Amino acid sequence: MYRSLVIFVFVSSRSVMSGVILICFTSQTINLAAICTPADYNTRPLDTIYSNFIDALPVVKYCSENNKRLIHFSTCEVYGKTIGSYLPKDHPLREDPSFYVLKEDISPCIFGSIEKQRWSYACAKQLIERLVYAEGAENGLEFTIVRPFNWIGPRMDFIPGIDGPSEGVPRVLACFSNNLLRREPLKLVDGGESQRTFIYIKDAIEAVLLMIENPERANGHIFNVGNPNNEVTVRQLAEMMTEVYAKVSGEGAIESPTVDVSSKEFYGEGYDDSDKRIPDMTIINRQLGWNPKTSLWDLLESTLTYQHRTYSEAVKKATAKPVAS
């Protein structure tokens with residue numbers, strides 16, 4: 001069906017880490033922006049904004065002017081904080097799903113103050129979404145916007161010092177994998193109280209393929225792509241990963257599996273966070289008949305099996321103490 005496939009990589013003048021990957025079929029373009037690691041949001045806010053908004057502008061303009069359908073990858077970060085997070089912790093409305101389940105066409109986008117530069121990513125992503133939507137309304141751009149909710153799986157990120165920079169800080173699953181491979185405590189930022197939902201990459205790809213193959217049902221829509229059944233706190237995720245890794249590696253659990261660190265210590269000044277992100281799946285289920293399938297335990301087992309097989313020997317060599325001559 002898609003005989004013409006070209007991949008373009010545009011590198012930003014600000015940083016080799018930022019850019020836009022375009023996957024162009026004969027009549028449609030898939031836009032994936034580069035900087036999407038929380039460690040960069042408040043330490044590299046300018047690169048983050050340029051990568052996710054300024055560098056994406058020509059892509060949207062090109063698609064609009066050349067009648068190319070655009071599938072634009074955004075993020076669940078555009079929702080920011082939940083309404084419920086502003087209620088007292090013991091308030092009964094915190095249990096009302098309308099205060100924390102995120103809906104594409106209803107939920108507001110609530111960010112922290114300007115000094116909290118951690119929201120640079122979310123703001124840039126929200127603004128480019130608004131531009132895409134406006135191009136559709138005023139100039140007839142055919143578009144679909146994807147809001148991923150923590151897609152994870154093998155090869156999703158780098159392991160510091162092995163296939164990425166030693167000083168780099170990848171996203172949570174790769175951070176925890178790196179600690180497990182090195183038999184170090186898993187670092188829980190601010191106690192690991194934030195709640196997230198995780199979806200297996202294979203399930204997510206099925207959803208994107210349905211968007212590609214069914215433009216008449218996907219055009220003009222924003223889709224949450226996540227798994228509300230796989231919700232855990234970051235602390236619970238660390239505990240599950242420790243248990244799963246012990247199983248797939250055959251190694252015993254480390255003596256102190258976790259350690260609490262402050263967000264300032266881990267991410268630097270200006271960090272802020274959202275309390276929880278649970279996707280409402282009504283629209284994608286109605287339009288494309290899609291639902292996620294893989295349980296959190298199964299996706300962690302698959303991912304950590306790959307991580308152990310791929311990286312364990314390299315990590316051992318990298319951390320081995322030199323033999324005294």
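Just so it is clear, the structure is predicted and the values come from calculations on it, not from any experiment. (Residues numbered from 1 in each chain as written. Predicted model: local features only at pLDDT ≥ 70, side-chain atom pairs only at ≥ 80, totals over all residues. Heavy atoms only, no water.)

Draft legend 1. Inspection of the layout of surface pockets at higher detail. Looking at the second largest pocket, its volume works out to about 310 Å³. Lining the second largest pocket are 15 residues, and of these Glu104, Glu129, Tyr133, Arg147 and Ile222 sit closest to its centre. At the level of elements, helix 4 (120-139), strand 6 (143-148) and strand 11 (221-225) are the ones that each hand at least two residues to the lining of the second largest pocket. Each residue belonging to the lining of the second largest pocket can be placed in one class, and the counts come to 6 nonpolar, 4 polar and 5 charged. (1 Å grid on protein atoms, 1.4 Å probe; cavity = no way out; pocket = protein on both sides within 12 Å on 5 of 7 lines; lining within 4 Å. Points joined across faces, edges and corners; volume = space filled by probe spheres on them. Helix = DSSP H or I, 4+ residues; strand = E, 2+ residues; numbered from the N terminus. Nonpolar A, V, L, I, M, F, W, Y, C, P; charged D, E, K, R; others polar.)

Draft legend 2. Structural detail: empty space enclosed by the protein. Within this structure, the stated rule accounts for 1 cavity of 30 Å³ or more. As a volume, the largest cavity reaches approximately 80 Å³. Asn179, Leu180, Arg183, Glu184, Thr242, Tyr245, Ala246, Ser249, Glu251, Gly252, Ala253 and Ile254 together form the lining of the largest cavity. Where the lining of the largest cavity is concerned, the elements lending two or more residues are helix 5 (172-181) and helix 8 (234-249). For the lining of the largest cavity, the per-class residue count stands at 5 nonpolar, 4 polar and 3 charged.

Draft legend 3. The arrangement of the packing of helix 3 (residues 57-65) against helix 4 in detail. Orientation of helix 3 relative to helix 4, taken along the N-to-C sense of each, is 15°, at an axis distance of 11 Å. Relative to helix 4, the element helix 3 lies roughly parallel. The handedness of the crossing between helix 3 and helix 4 comes out as right-handed. Every residue of helix 4 that contacts helix 3 at Leu57, Val60 and Ser64 is listed here: Ile128, Leu131, Val132, Glu135 and Asn139. Of the residues assigned to the contact of helix 3 with helix 4, the class counts are 5 nonpolar, 2 polar and 1 charged. (Axes fitted to C-alpha atoms, helices over the stretch in contact; angles between N-to-C directions. Parallel < 35°, antiparallel > 145°, perpendicular 65-115°, else oblique. Left-handed = near helix turned anticlockwise from the far one by under 90°. Contact = heavy atoms within 4.5 Å.)

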